[in-house]
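Inside the fold
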Amino acid sequence: MPETRPRSRATWAFVAVVVLCVLGAGGYVLAAALASGHEPPAPKVGQRAAAHSAVPPTGRDLIVFRSLDRSGGADTYGRLAWAPLTEPGRRTVTPLHCERVYFGSGRGMCLARQDGFPVSYRAIVLDAGLKVTAKLKLGGVPSRTRISPGGRWAAVTTFASGHSYAVTGAFSTQTIIIDLHTGRSLGNLEKAFTVRRDGNGLDKPDINIWGVSFAADDDTFYATIGTGRHTYLWKGSIKHRSGQVIHQNVECPSLSPDGTRIAYKKRVGEQGIWHFTVLDLATMKETPLAESRPLDDQIEWLDHDHVLYGSGEEVWTMPADGSGTPRRYLAAANSPAVVRPRTHPAAPE
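In this report, the structure presented in the accompanying data block is examined. Predicted model only: the values in this text are computed from it and were never measured. (Residues numbered from 1 in each chain as written. Predicted model: local features only at pLDDT ≥ 70, side-chain atom pairs only at ≥ 80, totals over all residues. Heavy atoms only, no water.)

1. Let's talk about unusual backbone geometry
The backbone of Ser105 sits at a positive phi, close to 55 degrees, despite the residue not being glycine. Looking at where Ser105 falls in the secondary structure, it is placed in the loop between β4 (100–104) and β5 (107–114). Accessibility expressed as a relative area gives 12% for Ser105, which makes it buried. Positive phi, close to 50 degrees, is recorded for Ala332, a residue that is not glycine. Relative to the helices and strands, Ala332 resides in the loop between β25 (327–331) and β26 (333–339). The exposure class assigned to Ala332 is partly exposed, which follows from its relative accessible area of 22%. (Helix = DSSP H or I, 4+ residues; strand = E, 2+ residues; numbered from the N terminus. Buried < 20%, exposed > 50% of the residue type's maximum accessible area, 1.4 Å probe, protein only.)

2. Re the sheet that holds strand β24 (residues 314–319)
The strands making up a sheet are joined through hydrogen bonds of the backbone, oriented either antiparallel or parallel. The strand order β22-β23-β24-β25 describes an open sheet built from four strands, whose pairing is antiparallel. The open sheet has two edge strands with one neighbour each: β22 (300–301) and β25. With six bridges connecting them, strand β23 (residues 306–311) and β24 associate as antiparallel partners. Across the sheet, residue His306 finds its bridge partner in β24, namely Pro319. (Pairing = 2+ DSSP bridges.)

3. Comments concerning the environment of Trp234
Mapped onto the fold, Trp234 is located in strand β16 (residues 230–237). Distance from Trp234 to Tyr222, taken between C-alpha atoms, is 5.5 Å for residues 12 residues apart in sequence. Side-chain polar atoms of Trp234 contact the backbone oxygen of Gly243, separated by 2.9 Å. (Polar contact = N/O pair within 3.5 Å; in protein donor to acceptor, adjacent residues only side chain to side chain.)

4. Describing the packing of aromatic side chains
Scanning all chains against the criterion turns up three aromatic pairs. Arranged with centres 5.4 Å apart and planes meeting at 80 degrees, the rings of Phe221 and Trp234 form a pair that is edge-to-face. Separated by 13 residues along the polypeptide, Phe221 in strand β15 (residues 220–227) and Trp234 in strand β16 bring together distant segments of the chain. Ring pairs connect the aromatic residues Phe193, Phe221 and Trp234, which therefore count as one cluster. The cationic tip of Lys265 hangs over the ring face of Trp274; the distance from NZ or CZ to the ring centre is 3.7 Å. (Phe/Tyr/Trp six-rings, centres within 6.5 Å; stacked < 30°, edge-to-face > 60°. Lys NZ or Arg CZ within 6 Å of the ring centre and 35° of its normal.)

5. Looking at the pairing of β26
Extensive coverage of β26 is indicated by the burial of seven of its seven residues. In this sheet, β26 lies alongside strand β1 (residues 62–68) in antiparallel orientation, the contact comprising five bridges. In the sheet register, Arg66 faces β26, and the bridge partner there is Asn334.

6. Let's talk about the environment of Thr260
Structurally, Thr260 can be placed in the loop between β18 (251–255) and β19 (261–268). Along the sequence, Thr260 and Leu279 sit 19 residues apart, while their C-alpha atoms lie 8.6 Å from each other. Apart from the residues lying within four places of it in its own chain, the contact partners of Thr260 are Leu255, Leu279, Asp280 and Leu281. (Contact = heavy atoms within 4.5 Å.)

7. Examining the side chain of Thr173
With respect to the element layout, Thr173 can be found in strand β10 (residues 172–179). Given the relative accessible area of 1%, Thr173 is considered buried. A polar side-chain atom of Thr173 sits 3.0 Å from the main-chain carbonyl oxygen of Ile209.

8. Here's the deal with the environment of Gly201
By the element assignment, Gly201 lies in strand β13 (residues 200–201). Note: C-alpha distance between Gly201 and Ser242 (41 residues apart in sequence) is 9.7 Å.

Structure representation (structure tokens):
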């Protein structure tokens with residue numbers, strides 16, 4: 001039986017490879033389990049997302065954002081964080097993991113990924129003390145979120161298909177408005193609201209709505225309507241469940257604090273790259289801003305004269321009148337929200 005020994009060696013070699021693969025897979029699973037242990041589960045409704053020491057203070061101007069600080073691994077990356085508006089480098093990172101964040105009027109929104117398969121996402125509604133007041137299941141990958149100045153409404157946009165706004169018509173979005181008093185959604189705006197253009201209903205199967213921004217009256221809002229490879233600025237009313245197209249070539253609008261201007265992305269040139277622009281709502285005059293990079297973000301207003309926006313893993317600022325030069329405002333961060341005392345009441349006990 002001269003072939004027995006070589007065949008036995010081959011068999012044992014095969015067994016050894018299998019064992020090593022199993023052990024390697026087991027080690028990978030164990031490592032993944034240990035890594036995931038750094039990320040506590042999202043708190044339930046009624047529970048606080050952070051200790052009192054990590055709660056944003058009241059009565060101060062703050063910047064709330066998503067921390068992209070990798071120095072502490074899972075403990076500092078992807079977390080809701082805040083800092084004094086004039087000292088953005090002095091950040092406090094909370095335990096709440098978010099894909100997109102917003103804060104204002106004593107309310108917070110954290111769009112968070114949920115564990116399990118298939119991957120799913122939730123909108124976590126917070127009060128000023130980071131207590132969870134509601135959770136809603138989302139129909140896709142989080143993209144944008146905003147809260148109305150009066151604290152009554154929140155808007156959330158998700159990608160139902162596709163993951164980029166680069167080519168209009170190559171993605172599908174779902175945008176909902178949430179009643180923060182009840183924690184309930186008003187439904188997908190494409191189906192629950194009437195879209196009008198030139199006084200007539202715009203009933204097309206390829207309509208997408210995204211990037212909501214609210215006015216101070218807690219009724220009026222602005223959003224992007226995309227259809228037929230074109231985009232439009234849509235002015236809507238929550239009370240009337242309808243809105244009218246008022247301008248073209250507008251994406252991800254953001255209303256200024258005084259309600260007179262819209263900052264947004266405008267497609268320019270034959271290649272259709274984005275350029276940040278400000279629209280005067282009274283005159284419809286457009287002012288290109290100083291940023292030359294074709295960035296994809298929904299602008300946030302730092303104050304009446306300056307805006308904030310994301311570039312890679314940094315937040316930048318520039319004047320809103322087209323002058324000046326962009327400068328970095330905050331490193332290792334995105335999804336900024338400016339919080340001021342008049343829209344940030346004391347946290348409930």
